[in-house]
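Chain by chain, the residues run as shown.
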Amino acid sequence: MADNMHYDAIVVGSGISGGWAAKELTERGLKVLMLERGRNIEHVADYVNASKESWDYPHRGTATVEMEENYPVLSRDYPLNEQTYGMWANEQENPYVEAKRFDWFRGYHVGGRSLMWGRQSYRLSDTDFSANEREGIATDWPIRYSDIAPWYDHVERFAGISGTSEGLDILPDGQFLPPIPLNIVEKDVAARLRKAFGGKRYLINARVANITESRPEQNRVACQYRNKCWLGCPYGAYFSTQAATLPAAMATGNLTMRPFSIVKEVLYDKDGKRARGVEIIDAETNETYEYTANVVFLNASSFNSTWLLMNSANDVWEGGLGSSSGELGHNVMDHHFRVGAEGRVEGYDDKYYYGRRPAGFYIPRFRNIDGEERPYTRGFGYQGSASRQGWRREVAELNIGADMKEALSKPGDWTIGMTAFGEMLPYHDNFIALDRGTTDKWGLPVLSISVDLHENERRMREDMKQDAVDILEASGVVDVKPTESDYAPGMGIHEMGTARMGRDPETSVLNGNNQVWDAPNVYVTDGACMTSASCVNPSLTYMALTARAADHAVKSLKNGDL
């Protein structure tokens, strides 16, 4: 059975970029249908663990054997735990094929990973947007920083990004709320670092999507320093679909949201060379429905938006809608990390800090800029924090009885640590593809993923580790040790690429306005569109690109261009 309903626009996906698409389109007067494959999560009411402490969980928050058996991919890293159990995609119902290991951590529910994201929010720089052209790698971005800067301003003002203006070309400033403060050790390390490296390296406040001033017009309250962000915030203090963009879109009266709606394919009119809508499977009933629209925004997350293109218009293009360039599915990127350093800070025994900050510090990229040439291209930044050891620390000489209890009632030593996030280049041989021999619960083909680090990233990781040691030692930290643990592509949860933007339909999937070259009324504005990765967290760029594309779509509709 199918019903037919028409909207001005359809938005596929309700995560960070989908929420922005819905907000921008509805506020410009379009009637919008938002389709989400998973269940609804109501703001506040469904944050069931938001106020729990460790002792409230049957297993003190740790994953059980049964959970590890049901979630073999999630169990490879921190996301599998009792606190966020049920907030990640069911791996039994939604399998994928690892041609090479790829840790794919997915959120299939309203809000997607906007409920669990790290909230680090940085702009790409003009150096990032011009790097591919300058170095002859992959293809050139079709835009430059000046094209997107007003849209960064736009999304920052609404989302609420706390941070400091630093005047660095490599990390452009934005529309910041007051920062979440550095603690006294971080402030002193920042000063020593700047002096030790002649003002060439900086430790600054992390820029995060946690508001430090209340937004009564959005019904959001300033951050309470609980550091329970990924459980959903009852105060709406960090940016998420539920806290920010969805209420704004709903307030227009122009949004219809349909959970449990798995979009099977984009319906393509090969005579008009336009999409005419989408076909969905109701995830609960298995019934299929068709919805039509003048414009379709794909915001299902990087790989799922590309999956949808690959599974569409196969009677016209064997590889799917947008595959005419041969680049659909290729150029997968992530941020490689889990390498850095840590150490102990002497003194400050009478110093402490307030609350549980949801952020620490950031050290912007300093390699391969200002004429420097390392034996690799691009660079990396560091994220870290300093804190005093808590009651979980080991006290070897006092490991039992009253003396141990007394010792653990006091804060321990100051420690500081940081991990680098490095840029991965867009390689054509890092790709995803449909595996039609393997299907999910609903009989749909799944993705096969084949991604590897290359020599450029391996060389970069040597600097990521040694530079961290050098920075801490030069800043007076003692007992400094390099850190490196298992990293596999995907663990950064920053999967990007597979439907890149470009200047030429022969070498890219999307044009400079995020339109599919082969169907200009289809926009892709999530991580799939990224032409290169930079080394900074990408979500703020998805927001800005989405707002920019929505503005273009509405103007094009009014002009009769779509």
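Below is a summary of the structure that appears in this document.

## Considerations on the pairing of strand 20 (residues 519-524)
Judged by how many residues are buried, strand 20 sits mostly within the fold: five of six residues are covered. Where strand 10 (residues 288-298) meets strand 20, three bridges bridge the pair, whose relative direction is parallel. Bridge assignment links L298 to a residue of strand 20, and that residue is V524. Pairing geometry for strand 19 (residues 515-516) and strand 20, over two bridges, is antiparallel. Paired with V516 across the strands is A519, a residue of strand 20. Connecting the antiparallel pair strand 19 and strand 20 is a turn made up of two residues.

## Some thoughts on the nonpolar core
With 115 residues, the main nonpolar core has F239, L298, L321, V522 and M543 as its most contacted residues. Here the element with the most residues in this core is helix 4 (residues 145-159); it accounts for eight residues. Apart from residues lying up to four places away in sequence, L321 is in contact with V266, Y268, L309, S312, A313, L328, D518, A519 and V522. Ranked by size, the runner-up nonpolar core spans 29 residues in total, among them L182, M464, I471 and V480.

## Here we look at the packing of helix 4 against helix 10 (residues 539-558)
Packed helices, taken two at a time, are described by their axes: the angle between them and the distance between them. Between helix 4 and helix 10, the shortest axis-to-axis distance is 8 Å and the interhelical angle comes to 110 degrees. Overall, the two elements helix 4 and helix 10 adopt an arrangement that is roughly perpendicular. Where helix 4 approaches helix 10, its residues D147, I148, W151, Y152, H154, V155, E156 and A159 are matched on the opposing element by L540, T541, M543, A544, L545, A547, R548 and D551.

## Quick look at the pairing of strand 16 (residues 431-439)
As defined by bridge partners, strand 16 adjoins strand 17 (residues 445-450) across six bridges and the pair is classed as antiparallel. Counted as the bridge partner of I432 is I449 from strand 17. Turn length for the strand 16-strand 17 hairpin, with the two strands adjacent in sequence and antiparallel, is five residues, and the turn residue G443 shows positive phi of about 80 degrees.

## Some points on the pattern of salt bridges
Applying the stated criterion to the full structure yields 37 salt bridges. Across the salt bridge formed by R258 and D282, the nearest N and O atoms sit 3.3 Å from each other. With a gap of 24 residues between them, R258 in strand 7 (residues 255-258) and D282 in strand 9 (residues 274-282) connect regions that are remote in the sequence. In this structure R258 comes out as buried when scored by relative accessible area, which is 17%. Through salt bridges with shared partners, a single network forms among K23, E24, E27, R28, D551 and K555.

## Notes on the environment of D413
When you line up the elements, D413 lands in the loop between helix 8 (401-408) and strand 15 (414-423). It is 5.6 Å that separates the C-alpha atoms of D413 and Q389, two residues lying 24 residues apart in sequence. In this structure, D413 is in contact with R344, S387, R388 and Q389, ignoring residues within four places of it in sequence.

Quick notes on the rules
- Each chain has its residues counted from 1, running along the sequence as written.
- Two thresholds apply to this predicted model, a pLDDT of at least 70 for residue-level local features and 80 or more for giving and counting side-chain atom pairs, whereas whole-chain, interface and lining totals are computed over all residues.
- To get the side-chain values, all heavy atoms of the structure are used, and hydrogens and water are removed first.
- A simple rule labels every residue: compare its accessible area, found with a 1.4 Å probe on the protein chains alone, to the largest value its type can have, and call it buried under 20%, exposed over 50%, or partly exposed in between.
- In DSSP terms, a helix is any run of H or I states spanning at least four residues, a strand is any run of E spanning at least two, and both are numbered starting from the N terminus.
- If DSSP finds at least two bridges between two strands, the strands pair.
- Buried Ala, Val, Leu, Ile, Met, Phe, Trp, Tyr and Cys residues form a nonpolar core when they are joined through side-chain atoms within 4.5 Å.
- Between two residues, a contact is recorded if the distance between any of their heavy atoms is within 4.5 Å.
- Geometry is summarised by axes, namely lines fitted to C-alpha atoms with helices restricted to the contacting stretch, and by angles between N-to-C directions that run from 0 to 180 degrees.
- Working definition: roughly parallel below 35 degrees, roughly antiparallel above 145 degrees, roughly perpendicular at 65 to 115 degrees, and oblique for all remaining angles.
- In the sections that follow, a salt bridge refers to a side-chain nitrogen of Lys or Arg positioned within 4 Å of a carboxyl oxygen of Asp or Glu.

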